[in-house]
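Architecture at a glance
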Amino acid sequence: MSTYTTDRASPFTRAVISSMRRLYPERLADKDFDNTGLLLEAPFDPIRRQMNSVLLTIDLTKAVADEAIQRKDCVVVSYHPIIFRGFKSLTLADTQQQSLLRLALEGISVYSPHTAVDAAPGGLGDWLADIVTGTLPEPEPSTHTAKEGEEKLPDLDENEVRHKPVEDGVTDGASVPEKKPAPKPKRPSMMPRSSTYSKPTYPKPAETEKTLEANSSEIRHTRRTIHPISGVDGFEDAGMGRFVQYEEPQPLTHLIERIAKGVGSPKGFPVAIPQNMQVEDIQIRSVGVCAGSGHSVLKDCDADLLFTGELSHHDALRMTEQGKCVVTLFHSNSERGFLSSVMKDKLASVLREEWEKVRNEVEGEIDATMALKEEWEDAIKDEDVLVEVSEKDRDPFGVVILQSDQEGLPLR
């Protein structure tokens, strides 16, 4: 006979859900499109129970599901909801449904807070605003746009794999005749090129310092919510997006440096500026920030710089034509660092309190006639609480760097 208590989730799952709702109430989410809350409630098997642990991720991919199963986590908190629309069936043919079915089989539940985190005071919006208002822990850089012939490609990490095409008739160790520089062709051609490519690189927010520790002092500024949300007690400053106004103009180059350090030092990210300007000449008096896809929040924001995860070509073009600048990071790179910098510690702190409450509640629910009484008692004896950030989660896009000592030749 099955040991599943099919009408109950695990006690620890209850504590995780109440903790997330304390930090990021579902009433803050944009219900016009979002799907937040408990998306998968796995039945609890007291005999084969999971660890009292939570795995934080931005996206619940197959790799992250494998990670949670291997770790024996109790709950996956996935910032992006894996379920956006209703299902007509649940099958293994669909990769997302496959992940959900496998997690349910293992007794692992899934909770998604998404835009409730964006809107909450101290949430994603404020974290991004902290990045552009905090001073760097070392002196501000002296930065300028490279002139023609001055470009220097970034160094590769030691662990990055390089691909070097071998020219016909040349083997490792053989001397290569010195070649004269070829003139830059006017049209693409299939001329040979000796190139070095890195493997895709991704920001590593888990290796960055906590935002507030790295930014030991703040640039003087005012801050407000772009689209306020009212009616949620205790969250009076909630809302989507943040507008930052500096008391003194800030060089765009310095803001770019702060952003890079704040989100995990990516190899590069897109920056859009008006066509008649240079990066080093631009001074920024105000910034509009929004995690993820920022157009709906920032489209009417009258800021010098828009800082978001992604913006369409035409939206970015419209902004630069209006004299504004845009920094994007790839969608989830504007969100992922928040998990390790802020959410991990906040959730762990609240979860310890909620787990103690749930343990006392469940203890009062247990009686002599209860099935698997001893197993339930054993489950609530465990005082441990663990919150970790996924090591497998990453944005679908990485940056591949081309390195070559042969200038003026086209890519093959």
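Residues numbered from 1 in each chain as written. Predicted model: local features only at pLDDT ≥ 70, side-chain atom pairs only at ≥ 80, totals over all residues. Heavy atoms only, no water.

Our focus in this paragraph is the side chain of Glu335. Structurally, Glu335 is set in the loop between strand S11 (325–328) and helix H10 (336–365). One buried charged residue, Glu335, remains without a salt bridge, the closest side chain of opposite sign being Arg336 at 6.3 Å. Apart from the residues within four sequence positions on either side, Glu335 is in contact with Ile58, Tyr79, His80, Leu124, Ala291 and Gly292. (Helix = DSSP H or I, 4+ residues; strand = E, 2+ residues; numbered from the N terminus. Buried < 20%, exposed > 50% of the residue type's maximum accessible area, 1.4 Å probe, protein only. Lys, Arg positive; Asp, Glu negative; His and termini not counted. Salt bridge = Lys/Arg side-chain N within 4 Å of Asp/Glu carboxyl O. Contact = heavy atoms within 4.5 Å.)

Scanning the entire structure with this criterion turns up 17 salt bridges. A salt bridge links Arg359 to Glu383; its shortest N-O distance comes to 4.0 Å. Separated by 24 residues along the polypeptide, Arg359 in helix H10 and Glu383 in the loop between helix H11 (373–381) and strand S12 (386–389) bring together distant segments of the chain. Judged by relative accessible area, Arg359 falls into the buried class, the value being 13%.

Now for the packing of aromatic side chains. Applying the stated criterion across every chain, the model contains three aromatic pairs. With 5.6 Å between their ring centres and 25 degrees between their planes, Phe330 and Phe397 make a pair best called stacked. A residue pair is termed long-range when its members are at least 10 positions apart, and Phe330 in the loop between S11 and H10 and Phe397 in the loop between S12 and strand S13 (402–404) qualify at 67 residues. Directly above the aromatic system of Phe243 lies the positively charged group of Arg224, at a separation of 4.4 Å from the ring centroid. (Phe/Tyr/Trp six-rings, centres within 6.5 Å; stacked < 30°, edge-to-face > 60°. Lys NZ or Arg CZ within 6 Å of the ring centre and 35° of its normal.)

The next thing to look at is helix H3 (residues 95–105). Each α-helix winds once per 3.6 residues, and so residues spaced three or four apart point in a common direction. Those residues of H3 that sit buried are Gln97, Ser99, Leu100 and Leu103. Summarising the axial view, the buried residues of H3 lie within an arc of 155 degrees, below the 170-degree limit, and thus occupy one face. The secondary structure elements touched by the buried residues of H3 are strand S1 (37–40), helix H2 (62–71) and strand S4 (109–112). Sitting at the head of H3, Asp94 places a side-chain oxygen 2.9 Å from the backbone nitrogen of Gln96. The first or second residue beyond H3 is Gly107, which carries a positive phi of 80 degrees. (Arc of directions from axis to C-beta. Polar contact = N/O pair within 3.5 Å; in protein donor to acceptor, adjacent residues only side chain to side chain.)

Quick look at the environment of Ser312 now. Mapped onto the elements of the fold, Ser312 is located in the loop between strand S10 (305–310) and helix H9 (313–321). Judged by its relative accessible area of 36%, Ser312 falls in the partly exposed class.

With that settled, the discussion passes to the sheet that holds S1. The strand order across the open sheet formed by five strands is S1-S4-S3-S2-S12, and the pairing between neighbours is mixed. Each edge of the open sheet is held by one strand with a lone partner, namely S1 and S12. Neighbouring strand axes in the sheet, compared pairwise and without regard to direction, differ in orientation by 25 degrees on average. Note: strand S2 (residues 53–57) against strand S3 (residues 75–78), four bridges, orientation parallel. If you follow Thr57 over to S3, its bridge partner there is Ser78. (Pairing = 2+ DSSP bridges. Axes fitted to C-alpha atoms, helices over the stretch in contact; angles between N-to-C directions.)

Among the 10 residues that make up helix H5 (residues 124–133), 10 are buried, leaving the element largely enclosed by the rest of the structure. Those residues of H5 that fall on the buried side of the exposure criterion are Leu124, Gly125, Asp126, Trp127, Leu128, Ala129, Asp130, Ile131, Val132 and Thr133.

UniProt annotation of "binding site: a divalent metal cation" (unreviewed entry) refers to His80, Asp118, His331 and Glu335 when read in the numbering used here. The largest pairwise C-alpha distance within this set of annotated residues, which runs over 256 residues, is 13.6 Å, so the set is compact in three dimensions. Note on placement: His331 falls in the loop between S11 and H10. Setting aside its immediate chain neighbours within four residues, His331 contacts His80, Gly292, Ser293, Gly309, Glu310 and Asp395. (UniProt positions renumbered as here; feature names shortened; annotations may be inferred.)

A few words now on the nonpolar core. Within soluble globular proteins, side chains that are nonpolar generally end up buried alongside one another. Residues Tyr24, Leu28, Val54, Ile284, Val287 and Phe307 are the most contacted members of the largest nonpolar core, which totals 83 residues. The element that contributes the greatest number of residues to this core is H10, accounting for 11 residues. In this structure, Ile284 is in contact with Tyr246, Pro249, Gln250, Leu252, Leu255, Asp304, Leu305 and Cys325, ignoring residues within four places of it in sequence. Listed in part, the 15 residues of the second largest apolar core include Leu39, Leu60, Ala65 and Val76. (Core = buried A, V, L, I, M, F, W, Y, C linked by side-chain atoms within 4.5 Å.)

Glancing now at the pairing of S4. Here S4 shows two buried faces, one formed by Ser109 and Tyr111 and the other by Val110 and Ser112. Where S1 and S4 come together, three bridges link them in antiparallel fashion. For Leu38, the partnering residue across the bridge sits in S4 and is Tyr111. Pairing of S3 with S4, which is carried by three bridges, proceeds in the parallel orientation. By the bridge assignment for S4, Val77 is matched with Tyr111. You can see the chain leave S3, run along H3 and come back into S4, and the turn it takes is right-handed. (Right-handed = clockwise from strand over helix to strand, strands pointing away.)

Right, let's get into the sheet that holds S11. Taken in spatial order, the six strands of this open sheet run S6-S7-S9-S10-S11-S8, and their pairing is mixed. A single partner strand is all that each edge strand has here, and the edge strands are strand S6 (221–228) and strand S8 (271–272). Where strand S9 (residues 283–293) lies against S10, five bridges are found, and the strand directions are parallel. Residue Ser293 lies in a different strand from S10, and its bridge partner there is Glu310.

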